[in-house]
Amino acid sequence: MTYNPLGKKIEQSKLKEGSTSWKSPSNIALVKYWGKHGNQLPRNASISFTLDTAHTQTEIKFYPKEDNELIEMEFFFEGEKNIAFGTKIRNYLEGNRNYFPWITQLALIISSTNSFPHSSGIASSASSMSALIMCLMDIESQFQGEPLSVKKASFLSRLASGSASRSLYPQLSIWGAHPNIEHSNDLFAISYENQVDSVFADFHDDILIVSAKEKSVSSTAGHKLMEENIYASSRYEQANHHLEELIKAMKKGDLKTFGEIVESEAMTLHALMMCSNPSYILMEPNTLNIIREIRAFRQRTNHPVFFTLDAGPNIHMLYPSDLFDEVVSFTEEYLLAYCLDGKIIRDKVGQGPKKI
Ligand code: PMV
């Protein structure tokens with residue numbers, strides 16, 4: 001597969017000031033992307049639920065400027081100028097000028113807010129990068145008069161943060177080439193909306209915040225450590241096998257198999273961290289306490305309530321919507337004490353980015 005959506009300059013006479021604003025969700029991987037190569041290419045295929053509540057909202061105001069080939073932008077996070085994030089975005093734009101040749105014709109003021117704590121293990125890069133890219137794509141579309149391409153947005157989000165490529169579509173997204181999944185590829189994610197049992201269309205994901213501290217090892221460093229991990233090749237095989245089995249189970253509405261695979265993926269991700277060199281642990285004692293409680297609840301009630309983890313200590317508790325009331329009572333009685341200041345984000349499967 002080749003896909004290289006290069007951009008073009010804006011016609012000088014069309015330049016004018018304006019603005020755009022997009023809200024884009026986080027996503028939670030059911031089969032994890034962990035290990036990459038080349039220019040942000042995944043070592044295995046992954047699938048995720050697009051979330052609803054956990055999101056980033058980004059606004060870009062743009063003003064015509066002299067095209068001196070310099071990128072002019074300022075970045076504000078939660079109302080305050082943020083140099084660190086601003087530099088990250090600037091580096092991304094510098095490195096990907098071919099896709100945004102018009103970027104030097106406009107001065108940008110970018111403002112962003114998250115609905116959840118930054119670096120808390122919730123994939124903030126997925127929502128923030130996809131929201132940024134949707135704004136940039138929207139500016140391009142305003143000037144070029146072509147409809148905004150979600151495929152291109154996924155491609156460009158991938159170049160910023162791999163998992164961000166999956167936040168662009170409603171419900172379910174697959175990213176990474178898999179021999180048995182039509183159209184799947186490493187360059188951009190594809191939608192898997194409405195292709196599984198309807199129980200998953202509004203599946204719940206309660207995010208139990210165990211810690212909101214900055215991660216001790218970033219995802220970028222974690223991906224890198226996979227290169228030397230002695231289990232890497234069997235992991236990539238396992239992930240592709242899991243994806244195939246998970247999709248079969250989801251099509252049948254087989255929640256038991258769904259849960260087995262999803263929990264195995266979470267444990268594998270963290271096991272890979274623990275056995276990398278140097279070894280590191282992102283789970284906290286309360287991560288394990290919550291996992292034990294969820295397993296005990298499942299044993300007691302036989303309810304299909306499962307957990308998964310991102311690269312962080314927080315638990316994503318997954319369950320069908322008809323169990324909501326019961327799970328809320330269980331959470332209050334058994335889990336709340338393990339959460340940081342009792343913090344829970346009650347999320348569910350969502351519909352993808354929205355223009356504000
Ligand atoms: O998109 P990145 O580079 O931050 O990597 C994220 C990897 C995981 O969140 C751990 C798994 C995934 O597939 O989202």
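Let us look at the structure shown here.

The rules behind the values
Residues numbered from 1 in each chain as written. Predicted model: local features only at pLDDT ≥ 70, side-chain atom pairs only at ≥ 80, totals over all residues. Heavy atoms only, no water. Helix = DSSP H or I, 4+ residues; strand = E, 2+ residues; numbered from the N terminus. Contact = heavy atoms within 4.5 Å. Pairing = 2+ DSSP bridges. Axes fitted to C-alpha atoms, helices over the stretch in contact; angles between N-to-C directions. Expected span 1.5 Å × (residues − 1). Polar contact = N/O pair within 3.5 Å; in protein donor to acceptor, adjacent residues only side chain to side chain.

To continue, consider the side chain of N229. Locating N229 in the fold gives a position in the loop between α4 (219–225) and α5 (232–252). For N229, the residues in contact, after removing those within four places along its chain, are L272, C275 and S276.

So, on to the sheet that holds strand β11 (residues 306–309). Ordered in space as β11-β12-β10-β13, the 4 strands form an open sheet in which the pairing is antiparallel. Each of the sheet's edge strands pairs with one partner strand only, and the pair in question is β11 and β13 (344–348). On average, each strand axis in the sheet is inclined to that of its neighbour by 25°, with strand direction left out of account. In this fold helix α6 (residues 255–274) packs onto β11 and β12 (315–319), with an angle of close to 30° to the strand it touches most, β11. Those strands touched by helix α8 (residues 324–335) are β10 (204–208), β12 and β13, and its axis lies near 150° from that of β12.

Attention now moves to α6. Taking 1.5 Å per residue as the helical rise, α6 with its 20 residues ought to reach 28 Å, and the 29 Å between its terminal C-alpha atoms agrees with that figure. N-cap assignment for α6: the residue whose side-chain oxygen lies 3.2 Å from the backbone N of K256 is D254.

Moving on, we get to unusual backbone geometry. A cis amide bond links N277 with the next residue in sequence, P278, at an omega value of 5°. Along the chain, P278 falls in the loop between α6 and α7 (285–301). A positive phi is found at Q171, a non-glycine position, where the angle reads about 65°. Position of Q171 relative to the elements: it lies in the loop between α3 (150–160) and β8 (172–175). Located in the positive-phi region is N194, a residue other than glycine, with phi close to 55°. Looking at the element boundaries, N194 is found in the loop between β9 (190–191) and β10.

Nothing here speaks to function; it is all geometry.
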